[in-house]
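# Per-entry structural report
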There are 2 protein chains.
Amino acid sequence: MIDAKGVTAGVVLIGDEVLSGRTRDANLQAIAQFLAPLGVSVAECRTVSDEKDRIIAAVNTLRAENHYVFTTGGIGPTHDDITAESVGAAFGALTGVRADALEIIEEWYARTGTPLTESRKRMARIPDGASLIENPVTGAPGFQIGNVFVLAGVPKIARGMLEDIAHRIEGGAVTRSRSVRADNLREGDIAEPLGAMQEEHPAVSIGSYPYFQDVDGGGFKRGTHLVARAVDADELDRVIEKIASLVSGLGFETQIDPEI
Amino acid sequence: MIDAKGVTAGVVLIGDEVLSGRTRDANLQAIAQFLAPLGVSVAECRTVSDEKDRIIAAVNTLRAENHYVFTTGGIGPTHDDITAESVGAAFGALTGVRADALEIIEEWYARTGTPLTESRKRMARIPDGASLIENPVTGAPGFQIGNVFVLAGVPKIARGMLEDIAHRIEGGAVTRSRSVRADNLREGDIAEPLGAMQEEHPAVSIGSYPYFQDVDGGGFKRGTHLVARAVDADELDRVIEKIASLVSGLGFETQIDPEI
């Protein structure tokens, strides 16, 4: 693979519910799709359990290796929500209830007529030196400390918090992506010429991803998505046209997907 | 969180397409749900790009820390499929086209009338000393080397390969999981008594997971899933009944979900 990655991010998903298989994560995809147009690519993602040592280790490794880190999960009011103090500890910062965060939560709950219990005040625990991230869904803020952004685990809230982050990101060149869908094509039909094309165009990253879809009444449809990624839009267009011609030349129908 | 984890597994998802946000991973959930009834819990998952050094590092770290490791992705016929040699290198094993794997692929393609190209033969690259894992969907096998199981990335194929793995796993005590769904309950409504219950029942791991569902016509429904996990089924039943009573006592309707 081509390492034209430039500005990178690491992602740390915190939550026993993802590791146990109870829920299927949606946050990595949302974060990656948010970062791509800003010129930031996700280099690695680690999913860890709700244990302080594991959170600290993942955050410290990924923040040293990447320009940015995003965490999701573990910032609610319950006993298993330990992300704030864990990320604080990763930076050697103290974490306690902070007046600015508490004010936001107090106002939010006053407006919605919800009692402000002691456990809800836990959501105002923010490490010293961190700046707040607005939560337009349920009020209780996330935070940024250094190059680490701490978001909620509920996908709707995590996506809401991303709105308050774009202006804090200094991205690099934007990697564009285009793809060709070829029904019935199997990877092995095209692997050799595709490998040659990759060698000919080292500034473009070419990948192939087979798919299988179950069909009503039994059996399945199959095919392959051929994906090219590059910073140079003209070069990307040239390669994607060549891939489409290659597929047609092999006798398969092609469909060039809209740019994503 | 309680560390009654016993036998653990690490998962390494290999694929630029997951990190780029083009696709949303389904394999971690499938592997976790496959392992749970065998008495194995997933302790960590790392998603890495199609780069040899990153694959080797993730596999070597996780296989040292866990009883088992599962990888998905990167075992197809194209230039970006480098998992076999990377996992081989992690064990210091040579990886080449192996006769037993080639025979399986030859028979499969002969039966389906597909030409056996040079690139398809790449799918017979298996590290020395590895045992094969049957692929009932597309023929080309996965493999096991040491405590590492190497599966395809396409979810349908990965799930098919898991069928040939259960008999190779020595699990520990099975952690059972039950949950209570409480519509309209917010975490902050119950955080304090739930934390006290966690302290009272240290052998049970209690988690709370809020949910938000968009409703047609705008707005959203919200509520909380309260999940308990334990090895001791009787203790688990006692705790889940106490949680349900707690929720009812707060004036919310509860529904005890079927055991998963």
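Here is what the cut-offs are and how they apply
- Residues numbered from 1 in each chain as written.
- Chains lettered and ligands numbered in written order.
- Predicted model: local features only at pLDDT ≥ 70, side-chain atom pairs only at ≥ 80, totals over all residues.
- Helix = DSSP H or I, 4+ residues; strand = E, 2+ residues; numbered from the N terminus.
- Buried ≥ 20, exposed ≤ 12 C-beta atoms within 10 Å, placed from the backbone.
- Contact = placed C-beta atoms within 7 Å.
- Least-squares fit on C-alpha atoms with pLDDT ≥ 70 in both.
- pLDDT = per-residue confidence, 0-100.
- Expected span 1.5 Å × (residues − 1).
- Arc of directions from axis to C-beta.
- Pairing = 2+ DSSP bridges.
- Axes fitted to C-alpha atoms, helices over the stretch in contact; angles between N-to-C directions.
- Parallel < 35°, antiparallel > 145°, perpendicular 65-115°, else oblique.
- Left-handed = near helix turned anticlockwise from the far one by under 90°.
- Nonpolar A, V, L, I, M, F, W, Y, C, P; charged D, E, K, R; others polar.
- Bend = angle between axes of the 7 residues up to and from the residue.

### Some thoughts on the overall build of chain A
Looking only at helices and strands, chain A has nine helices and 12 strands in total. Oriented by its inertia axes, the alpha-carbon framework of chain A measures out at about 65 × 45 × 35 Å. Of all 260 residues assigned to chain A, the portion counted as buried reaches 48%. Contacts in chain A between residues at least 24 apart in sequence constitute 68% of all its contacts with a sequence separation of at least 6.

### What about the relation of the copies chain A and chain B?
Relative to chain B, chain A is turned by 180° and slid 0.0 Å along the rotation axis, the superposed coordinates differing by an RMSD of 0.0 Å. Classification of the inter-copy transformation places it as that of a two-fold axis. Rotation axis and chain A: the residue whose C-alpha lies nearest the axis is Arg46(A), separated from it by 2.2 Å.

### Here we look at unusual backbone geometry
All names here are of chain A. A positive phi angle, close to 75°, is found at Asn 184, a residue other than glycine. Here Asn 184 is to be found in the loop between β9 (176-183) and α8 (187-200). Here Asn 184 falls in the exposed class, since 12 other C-beta atoms lie within 10 Å of it.

### Remarks on the environment of Leu236(A)
Residue and element names in this part refer to chain A. Here Leu 236 lies in helix α9 (residues 233-249). Residues Leu 236 and Thr 47, 189 residues apart in the sequence, show an inter-C-alpha distance of 33 Å. Excluding residues within four positions of it along the chain, Leu 236 makes contact with Arg 176, Arg 178, Val 204, Ala 228 and Ala 230.

### Description of the confidence of the model for chain A
Mean pLDDT for chain A: 94, with 97% of residues reaching 70 or above. In the predicted complex, the global pTM is 0.94; the interface-specific ipTM is 0.93.

### Some remarks on helix α9 (residues 233-249) of chain B
All names here are of chain B. Taking 1.5 Å as the rise per residue, α9 with 17 residues should run 24 Å; its terminal C-alpha atoms sit 24 Å apart, in good agreement. Burial in α9 covers these residues: Leu 236, Val 239, Ile 240, Ile 243 and Val 247. For α9, the arc enclosing every buried residue in end-on projection is 100°, short of the 170-degree limit, so these residues lie on one face. Opposite the packed face of α9, turned more than 90 degrees from it, sit the exposed residues Asp 234, Ser 245 and Gly 249. On its buried face, α9 is in contact with β9 (176-183), α8 (187-200), β10 (205-214), β11 (220-230) and β12 (255-256).

### Considerations on the pairing of strand β1 (residues 8-14) of chain B
Residue and element names in this part refer to chain B. The buried fraction of β1 is high, at seven of seven residues. Judged from the seven bridges that link them, β1 and strand β2 (residues 41-48) form a sheet pairing that is parallel. Pairing of Val 12 across the sheet is with Arg 46, part of β2. Pairing between β1 and strand β3 (residues 68-72): five bridges, direction parallel.

### A word on the environment of Thr61(B)
All names here are of chain B. With respect to the helices and strands, the residue Thr 61 is situated in helix α3 (residues 52-65). Judged by local crowding, Thr 61 falls into the partly exposed class, with 17 C-beta atoms found within 10 Å. Spatially, the C-alpha atom of Thr 61 lies 9.2 Å from that of Gly 10, the residues being 51 residues apart in sequence.

### Here's the deal with the packing of α3(B) against helix α4 (residues 83-90) of chain B
In helix packing, the relevant descriptors are the interaxial angle and the interaxial distance, both defined with respect to the helix axes. All names here are of chain B. Their axes nearest at 9 Å, the elements α3 and α4 cross at an angle of 50°. As judged from the angle between their axes, α3 and α4 are oblique. For α3 against α4, the interelement crossing comes out right-handed. Contact residues: α3 offers Lys 52, Ile 55, Ile 56, Val 59 and Asn 60, while α4 offers Thr 83, Ser 86, Val 87, Ala 89 and Ala 90. Class assignment for the residues of the contact of α3 with α4 results in six nonpolar, three polar and one charged.

### Comments concerning α8(B)
Helix length check: α8(B), at 14 residues, gives a terminal C-alpha distance of 19 Å against a target of 20 Å (1.5 Å per residue), a fit within 8%. The largest bend in α8(B) amounts to roughly 35° and is located at Pro193(B). When we look at burial in α8(B), the residues that qualify are Glu187(B), Gly188(B), Asp189(B), Ile190(B), Ala191(B), Leu194(B) and Gln198(B). Buried-residue contacts for α8(B) involve α6 (118-121) of chain A together with β10, β11 and α9 of chain B.

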